[in-house]
Amino acid sequence: MITVHATAKSFADGFVPMITLRNAKGQCVGSRTPQGDYRAFRTFDNEHDAQMEARLIACRVALRFPELIKAAV
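The structure reproduced in this document is the subject of the present report.

Checked against the element boundaries, Pro34 lands in the loop between β3 (28-32) and α1 (37-41). Judged by its relative accessible area of 7%, Pro34 is buried. Residues Pro34 and Val16, spaced 18 residues apart in sequence, show a C-alpha to C-alpha distance of 7.3 Å. Excluding anything up to four places from it in sequence, Pro34 contacts Val16, Pro17, Arg39 and Arg42.

Next comes the structure, spelled out in structure tokens:
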């Protein structure tokens, strides 16, 4: 099973939500941050708000594929 972990990534203009995917052994198998126009609406002034948004994204992903992905929030 893959677990989705929520975090925030710091950029020059603020913080963006980031999710990482980990396999059963805990190894990172991928990560994603918002891209393009979506990123403009998902850039926050503080890390806490970005992490909260990342948790929402992680939960949405886990609900879409419940047999494959588990949210670790």
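Across soluble globular proteins, you tend to see nonpolar side chains buried next to one another. In terms of nonpolar packing, the biggest core is built from six residues, these being Val4, Ile19, Ile57, Ala58, Ala62 and Ile69. Tallying contributions element by element places helix α2 (residues 47-64) first for this core, with three residues.

This structure, assessed with the given rule, holds one salt bridge. Across the salt bridge formed by Glu53 and Arg42, the nearest N and O atoms sit 3.1 Å from each other. On the criterion of sequence distance, the pair formed by Glu53 in helix α2 and Arg42 in the loop between α1 and α2 is long-range, its members being 11 residues apart. Looking at Glu53, the relative accessible area reads 12%, which means it is buried.

Turning next to the sheet that holds β3. Spatially, four strands are ordered β3-β2-β1-β4 in an open sheet, and the strand pairing comes out mixed. Every interior strand has two partners, whereas the edge strands, β3 and β4 (69-72), have only one. Taken pair by pair, the neighbouring strands of this sheet meet at an average axis angle of 35°, ignoring direction. Bridging between strand β1 (residues 2-11) and strand β2 (residues 14-22) involves nine bridges; their strand directions are antiparallel. Among the inter-strand pairings, Thr7 is bridged to a residue of β2, identified as Met18.

End to end, α2 covers 26 Å across 18 residues, agreeing with the expected 26 Å (1.5 Å per residue, within 8%). Regarding α2, the residues found buried are Ala50, Glu53, Ala54, Ile57, Ala58 and Ala62. Tucked inside the fold, the buried residues of α2 contact β1, β2, α1 and β4. Looking at where α2 begins, the residue whose side-chain oxygen comes 3.4 Å from the main-chain nitrogen of His48 is Asn46.

Rules behind the numbers
Residues numbered from 1 in each chain as written. Predicted model: local features only at pLDDT ≥ 70, side-chain atom pairs only at ≥ 80, totals over all residues. Heavy atoms only, no water. Helix = DSSP H or I, 4+ residues; strand = E, 2+ residues; numbered from the N terminus. Buried < 20%, exposed > 50% of the residue type's maximum accessible area, 1.4 Å probe, protein only. Contact = heavy atoms within 4.5 Å. Core = buried A, V, L, I, M, F, W, Y, C linked by side-chain atoms within 4.5 Å. Salt bridge = Lys/Arg side-chain N within 4 Å of Asp/Glu carboxyl O. Pairing = 2+ DSSP bridges. Axes fitted to C-alpha atoms, helices over the stretch in contact; angles between N-to-C directions. Expected span 1.5 Å × (residues − 1). Polar contact = N/O pair within 3.5 Å; in protein donor to acceptor, adjacent residues only side chain to side chain.

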